[in-house]
Amino acid sequence: MTLPKFEKRRSFLRRSAQAGAGLMLAPWMIQACGTDSKGGEEGTDTAETMDESTAAATALFSISLAEWSLHKAIRAGEYTNLDFPGLAKNEFGIDAIEYVSQLFKDKAEDMPYLTDLKQRCDDNGVQSLLIMVDNEGHLGDLDEAKRTEAIENHHKWVTAAKFLGCHSIRVNAAGEGTPEEVQKAAVDGLGRLSEFAKQHDINVIVENHGGWSSDGNWLAGVMSAINMDNCGTLPDFGNFCIERSEDGCANMFDRYEGVELLMPFAKAVSAKSHDFNEAGDEIHTDYMKMMQIVSKAGYSGYVGIEYEGSGMSEFEGIKATKALLEKVRSQMG
């Protein structure tokens, strides 16, 4: 079977509406109330004007926190996954979170645990958005039996996500073989998992996460071939290394082109960060350029902070990434 090749990205941008449930109104379709030269209309106080300004900026995109940003502290035993909702809200002022399955891998079917986690979210006024699922087998495995096993291994995370109130699970389109072979297998694996997830009103979203999935054309081609409303992408600003070597990345896909290719299918966005300069800008990714690409695609949902650097603590890195996103959002507004 020969799979359809991905068309040029501009044709997919024209089809952005097809990405459906994960996309919201484009920023240019949202009008904020203006003020006159005296600071507002008669009867409008300063607090109301500030609220309107804040609402207009937030309409561009909202900020969430990916749990991977805290994986070192959690793995060191300083915190647990149950602490995550409270940390997000009380330490960082963030009320939407993205879990990582590796950090509570034996709890997907533990209902007392999930009930406790959900209650902690409710107590802190925090919304659960998605679960990033890893180490459950390759959905693009060329061996059909292994691929089926991987699909079934993901089922428990679909039901856990539904219980927690998430909209999606994030999965990987991994497999070993030629691009064409793995693409064919991934279309089958992701498609079958999405059929199951659809019964629970959950999306299956794929991150560019190494291997062929970090090739923007390849992953967009997979999405085009599947063509299901609840199967989409989670573009990550930094994961575009297709092939690694001892010296680093031997084959890197352009991050800006990659995000542009994946945005028509996006139901979440990951703002990867590592290092910052004295001005507070991420030195590997031009956040303004990247967020303009995100906005141009009509996306105004959550953008998740995913700090992976080592130059500052995880807490400092999260705060620096949040400050940068807020600065970009203010400048875009």
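Structure: see above.
Reference entry: report on the structure contained in this document. Just so it is clear, the structure is predicted and the values come from calculations on it, not from any experiment.

Notes on the overall build of the chain
Within the chain, the secondary structure is distributed over eleven helices and ten strands. Across the chain, the fraction of contacts at a sequence separation of at least 24, relative to all contacts at a separation of at least 6, is 79%. Within the structure as shown, the chain displays about 15,500 Å² of accessible surface, and the carbon and sulfur contribution to it stands at 46%.

Quick look at the state of the cysteines
What the rule picks out here adds up to one disulfide. Unpaired in terms of disulfides, Cys121 finds its nearest cysteine sulfur in Cys166, a separation of 8.2 Å. Exposure remark for Cys121: the relative accessible area of 3% places this residue in the buried category.

Overview of the packing of aromatic side chains
Under the criterion given, the structure shown has eight aromatic pairs. Seen in terms of ring centroids, Phe92 and Phe315 are 5.0 Å apart; in terms of plane orientation they differ by 70°. Their pairing is edge-to-face. With a gap of 223 residues between them, Phe92 in helix 4 (residues 84–92) and Phe315 in helix 11 (residues 314–332) connect regions that are remote in the sequence. We classify Phe92 as buried; its relative accessible area is 5%. Residue Phe315 is classed as buried on the basis of its relative accessible area, which comes to 19%. What links up through ring pairs into an aromatic cluster is the set Phe84, Tyr99, Phe104, Tyr113 and Trp157. Here Lys118 stacks its cationic end above the ring of Phe163, 4.8 Å away from the centre of that ring. Looking at Arg329, its charged tip hangs above the ring of Phe61, at a distance of 5.5 Å from the centre.

With respect to the pairing of strand 4 (residues 168–171)
Along strand 4, one buried face is formed by Ser168 and Arg170 and the opposite face, lined by Ile169 and Val171, is buried too. When strand 3 (residues 127–132) meets strand 4, the two strands line up parallel, connected through three bridges. Residue pairing in the sheet places Ile131 in a bridge with Ile169 of strand 4. Two elements, strand 4 and strand 5 (residues 203–207), share four bridges in a ladder whose sense is parallel.

Focus: the environment of Asp236
You can see Asp236 is positioned in the loop between strand 6 (231–234) and strand 7 (241–245). Relative accessible area serves as the criterion here: at 0%, Asp236 is assigned to the buried category. When the C-alpha atoms of Asp236 and His209 are compared, they prove to be 8.1 Å apart, with 27 residues separating the residues in sequence. Asp236 has contacts with Glu207, Asn208, Val259, Ser270, Lys272 and Glu306, leaving out every residue within four places of it along the chain. Here Asn239 takes part through its backbone nitrogen, which lies 3.2 Å from a polar atom of the side chain of Asp236.

Some details on helix 9 (residues 255–262)
Across the eight residues of helix 9, seven count as buried, placing the element largely inside the fold. For helix 9, the side-chain oxygen to backbone nitrogen distance between the N-cap and Tyr256 is 3.1 Å, and the N-cap itself is Asp254.

Considering the sheet that holds strand 5
Strands sit in the order 6-5-4-3-2-1-10-9 across an open sheet of eight strands; the sheet is parallel. Both edges of this open sheet fall to strand 6 and strand 9 (269–273), since each of them pairs with a single strand only. The average undirected angle you get between the axes of adjacent strands in this sheet is 30°. Lying over the sheet, helix 7 (residues 179–198) contacts strand 4, strand 5 and strand 6, oriented at roughly 145° with respect to strand 5.

Things to note about the packing of helix 6 (residues 144–164) against helix 7
Helix-helix packing: each pair is described by the crossing angle between the helix axes and the interaxial distance. One way to put it is that helix 6 packs onto helix 7 with a least axis distance of 10 Å and a crossing angle of 35°. Between helix 6 and helix 7 lies a crossing whose hand is right-handed. Taking contact as the criterion, the partners of Arg147, Thr148, Ile151, His154, His155, Val158 and Thr159 in helix 6 are, on helix 7, Ala185, Asp188, Gly189, Arg192, Leu193, Phe196 and Ala197. A per-class count over the contact of helix 6 with helix 7 returns six nonpolar, five polar and three charged.

What counts as what
- Residues numbered from 1 in each chain as written.
- Predicted model: local features only at pLDDT ≥ 70, side-chain atom pairs only at ≥ 80, totals over all residues.
- Heavy atoms only, no water.
- Helix = DSSP H or I, 4+ residues; strand = E, 2+ residues; numbered from the N terminus.
- Contact = heavy atoms within 4.5 Å.
- Areas by Shrake-Rupley, 256 points an atom, 1.4 Å probe, with all protein chains shown as cover.
- Disulfide = S-S within 2.5 Å.
- Buried < 20%, exposed > 50% of the residue type's maximum accessible area, 1.4 Å probe, protein only.
- Phe/Tyr/Trp six-rings, centres within 6.5 Å; stacked < 30°, edge-to-face > 60°.
- Lys NZ or Arg CZ within 6 Å of the ring centre and 35° of its normal.
- Pairing = 2+ DSSP bridges.
- Polar contact = N/O pair within 3.5 Å; in protein donor to acceptor, adjacent residues only side chain to side chain.
- Axes fitted to C-alpha atoms, helices over the stretch in contact; angles between N-to-C directions.
- Left-handed = near helix turned anticlockwise from the far one by under 90°.
- Nonpolar A, V, L, I, M, F, W, Y, C, P; charged D, E, K, R; others polar.

Shape descriptors only; they carry no functional weight alone.
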